[in-house]
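# Report on the structure
Here are the chains, one letter per residue:
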Amino acid sequence: MSKIKTAFFCSQCGHESAKWLGKCPSCGQWNSFVEEVLVKDNSLAETEWKKNSAGKRDNKTVAIREVLMDKELRIVTPDAELNRVLGGGIVPGSLVLVAGEPGIGKSTLFLQLGLQLGSLSVLYVSGEESERQIKMRAERIKPPQDKGTVTEDNVYLLTETSTQAIFREIKKLDPQLVIIDSIQTLESSYIESSPGSVSQIRECVAEFQRFAKESQTPVILIGHITKEGSIAGPKIVEHMVDTVLQFEGDRHYAYRILRTLKNRFGSSSELGIYEMTEWGMQGVVNPSEVLIHQKEDQLSGIAIAASMEGLRPLLIEVQALVTQAVYGMPQRTVSGFDLRRLQLLLAVLEKRGGFHFGVKDVFLNIAGGLKVEDPSIDLAVLCALLSSFEDVPLPPHCCFAGEVGLSGEIRAVHRIEQRIAEAEKLGFSKILVSKYNLTHRLQDQRLTKNQKWNIEVVTVGKVDEVYAYLFG
């Protein structure tokens, strides 16, 4: 017999309650509880893919020293950028959640991945498109030399929204990779609510999690995001999966960023850069050359920052414009940078440097549509602001790497050797870094002897030293 009950779920975090609550005790949101009908059918205790399968392994406690470690096997894909953000490839039995705005290229990237995997059998499940639509996209993203009808016989399509029907097809096909597009369109017969609801998303993810762990088949879940930019669905979904990737980018630019938010099998701060072309997503081999705009004339307010995204060094162009405020209240406008961080740097320049930004409009932009959180970009932002304030261009072929403290000191940053090596590779002749980088590690002392790089390393300690070097 089926047991029917109702429960209230928080639409923000997925917290379950037997009665309606005005404020969620888990996330603190007000008026976020919605009522949903739950159906627990005792006759459907096993999912379709587990029926008639081999006996389940008995779990028991074991000492950690007795755990046998085999060599980690990963599915290394032809996409170097995807391998980077996943920590070296797709781990068997892993559950990967990929989210991004509509039209950003999520479906294109992973359909392209399925077509490139060669001998591996891939099941592409779509709850949003028909087989003809997917086939049209597959033919459109073929490389120019391979244009024509798609001939891959390892990629299988399934347009279905019921998880039980999907598991029946998985049992027949036994694929080596499953791609779900998208998790918000699926529904489980165990939950009597509409697709996309909190309980449906949580139940569907839980079913695919059990499938991935017990069958050792990797599953990629493509998800939606809300208008605030967060991943749609309860927050618990991000805890259930092994890896969370976010696809970012401005639709007015051709470049897309695949950022790692969580990764149980590698670094959680990696970043991959793609270019949207007429034949699909193409990885950008040298993103620093793309992010730096080449100009014939030296202009004020432009500085190059030597930043790090995970283990990848990036040279990023910072653009600043400082003008006289004419509308009473000075404006502070940013694109790709934290507004509060900009206000902090302006306060440091006002207090420690004596520059009167309180009567100026300040506009700051990170070129290329990037959103940067690395604190080492502070020094480049500060130099761009000073350059625009004085209306004097910065020295040519010079870049910056340093964090700015509230007392006006230039603080040391990590991985300084990789930043300097990237700047040298792109032809820069000077780089400004913190003098405190020389005292952190013994190998950094080689910077003063110039034994490793053919680039002048200038060390500074305070804001006034930066100004004296650039404009003194």
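Residues numbered from 1 in each chain as written. Predicted model: local features only at pLDDT ≥ 70, side-chain atom pairs only at ≥ 80, totals over all residues. Heavy atoms only, no water.

### As for unusual backbone geometry
- In this model, Asp 181 is joined to Ser 182 through a cis peptide bond whose omega is 0°.
- When you line up the elements, Ser 182 lands in the loop between β7 (177-181) and β8 (191-192).
- The residue Asp 174 is not glycine, and still its phi comes out positive at about 55°.
- Unusually for a residue other than glycine, Arg 415 sits at a positive phi of about 50°.
- Turning to its location among the elements, Arg 415 is positioned in the loop between β20 (410-411) and α10 (416-425).
- Classification of Arg 415 as partly exposed rests on a relative accessible area of 31%. (Helix = DSSP H or I, 4+ residues; strand = E, 2+ residues; numbered from the N terminus. Buried < 20%, exposed > 50% of the residue type's maximum accessible area, 1.4 Å probe, protein only.)

### Topic: the pairing of strand β15 (residues 312-324)
- Bridge count for strand β14 (residues 302-309) against β15 is 8 bridges, and the pairing is antiparallel. Across the sheet, residue Ala 305 finds its bridge partner in β15, namely Ile 316.
- Between the end of β14 and the start of β15, which pair antiparallel, lie 2 residues, with Gly 310 showing a positive phi angle near 70°.
- As defined by bridge partners, β15 adjoins strand β17 (residues 360-366) across 7 bridges and the pair is classed as antiparallel. Considered in β17, the bridge of Leu 321 is made with Phe 363. (Pairing = 2+ DSSP bridges.)

### Digging into the packing of helix α2 (residues 106-116) against helix α3 (residues 131-140)
- Relative to each other, α2 and α3 sit at 75°, their axes nearing to 10 Å. Relative to α3, the element α2 lies roughly perpendicular. Side by side, α2 and α3 meet where Ser 107, Thr 108, Leu 111 and Leu 115 of the first sit next to Ile 134, Arg 137 and Ala 138 of the second.
- In terms of residue class, the contact of α2 with α3 is built from 4 nonpolar, 2 polar and 1 charged. (Axes fitted to C-alpha atoms, helices over the stretch in contact; angles between N-to-C directions. Parallel < 35°, antiparallel > 145°, perpendicular 65-115°, else oblique. Contact = heavy atoms within 4.5 Å. Nonpolar A, V, L, I, M, F, W, Y, C, P; charged D, E, K, R; others polar.)

### With respect to the packing of aromatic side chains
- Counted according to the given criterion, the structure contains 7 aromatic pairs.
- Between the aromatic rings of Phe 167 and Phe 211, the centroid separation amounts to 5.7 Å while the plane-to-plane angle is 55°, which identifies the pairing as tilted. Of this pair, Phe 167 sits in helix α4 (residues 163-173) while Phe 211 is found in helix α5 (residues 198-215), placing the two residues 44 residues apart along the sequence. Of the two residues, Phe 167 and Phe 211, both sit in the buried class.
- Ring centres of Phe 355 and Phe 389 lie 5.7 Å apart, and the angle between their planes is 80°; on these two criteria the pair is classed as edge-to-face. Of the two residues, Phe 355 is situated in the loop between α8 (339-353) and β17 and Phe 389 in helix α9 (residues 378-390); the sequence distance between them amounts to 34 residues.
- Here the aromatic residues Phe 355, Phe 357, Phe 389, Tyr 467 and Phe 471 are joined through ring pairs into a cluster of three or more. (Phe/Tyr/Trp six-rings, centres within 6.5 Å; stacked < 30°, edge-to-face > 60°.)

### Observations regarding the confidence of the model for the protein chain
- Taken over all residues, the pLDDT of the protein chain has a mean of 85, while the share at 70 or more is 88%.
- Segment residues 42-47: pLDDT under 50, and 8 contacts once partners within four positions in sequence are set aside and those in other chains are kept.
- In this model residues 441-451 is a low-confidence stretch, pLDDT under 50, and it forms 18 contacts with partners more than four residues away in sequence or in other chains. (pLDDT = per-residue confidence, 0-100.)

### Quick notes on the layout of surface pockets
- Its volume calculated, the largest pocket comes out at about 830 Å³.
- Lining the largest pocket are 41 residues; nearest its centre among them are Glu 248, Arg 259, Lys 371, Val 372 and Glu 373.
- Elements represented by at least two residues in the lining of the largest pocket include exactly β10 (243-248), β11 (255-263), β14 and β17.
- Among the elements that make up the lining of the largest pocket, the one with the highest residue count is β11 (4 residues).
- Grouping the amino acids of the lining of the largest pocket by side-chain chemistry returns 13 nonpolar, 14 polar and 14 charged. (1 Å grid on protein atoms, 1.4 Å probe; cavity = no way out; pocket = protein on both sides within 12 Å on 5 of 7 lines; lining within 4 Å. Points joined across faces, edges and corners; volume = space filled by probe spheres on them.)

### A closer look at the nonpolar core
- If you look at the biggest cluster of nonpolar residues, it comprises 45 residues, and the most contacted ones within it are Val 318, Leu 385, Phe 400, Leu 432 and Val 466.
- When near neighbours in sequence (up to four residues on either side) are disregarded, Phe 400 contacts Ala 303, Ile 304, Ala 305, Ala 306, Leu 379, Ala 380, Cys 383, Leu 394, Leu 432 and Leu 470.
- Formed by 30 residues, the second largest nonpolar core is a distinct cluster that contains Leu 117, Ala 138, Val 155 and Ile 179. (Core = buried A, V, L, I, M, F, W, Y, C linked by side-chain atoms within 4.5 Å.)

### Considering empty space enclosed by the protein
- Evaluation of the coordinates by the stated rule reveals 3 cavities of 30 Å³ or more.
- Taken as a whole, the largest cavity spans an internal volume of roughly 60 Å³.
- Looking at the lining of the largest cavity, its residues break down into 6 nonpolar, 3 polar and 2 charged.
- In this structure, the second largest cavity spans a volume of roughly 40 Å³.
- What lines the second largest cavity is simply Leu 86, Gly 89, Ile 90, Val 91, Ser 94, Val 96, Thr 243, Asn 263 and Phe 265.
- Looking at the lining of the second largest cavity, its residues break down into 5 nonpolar, 4 polar and no charged.

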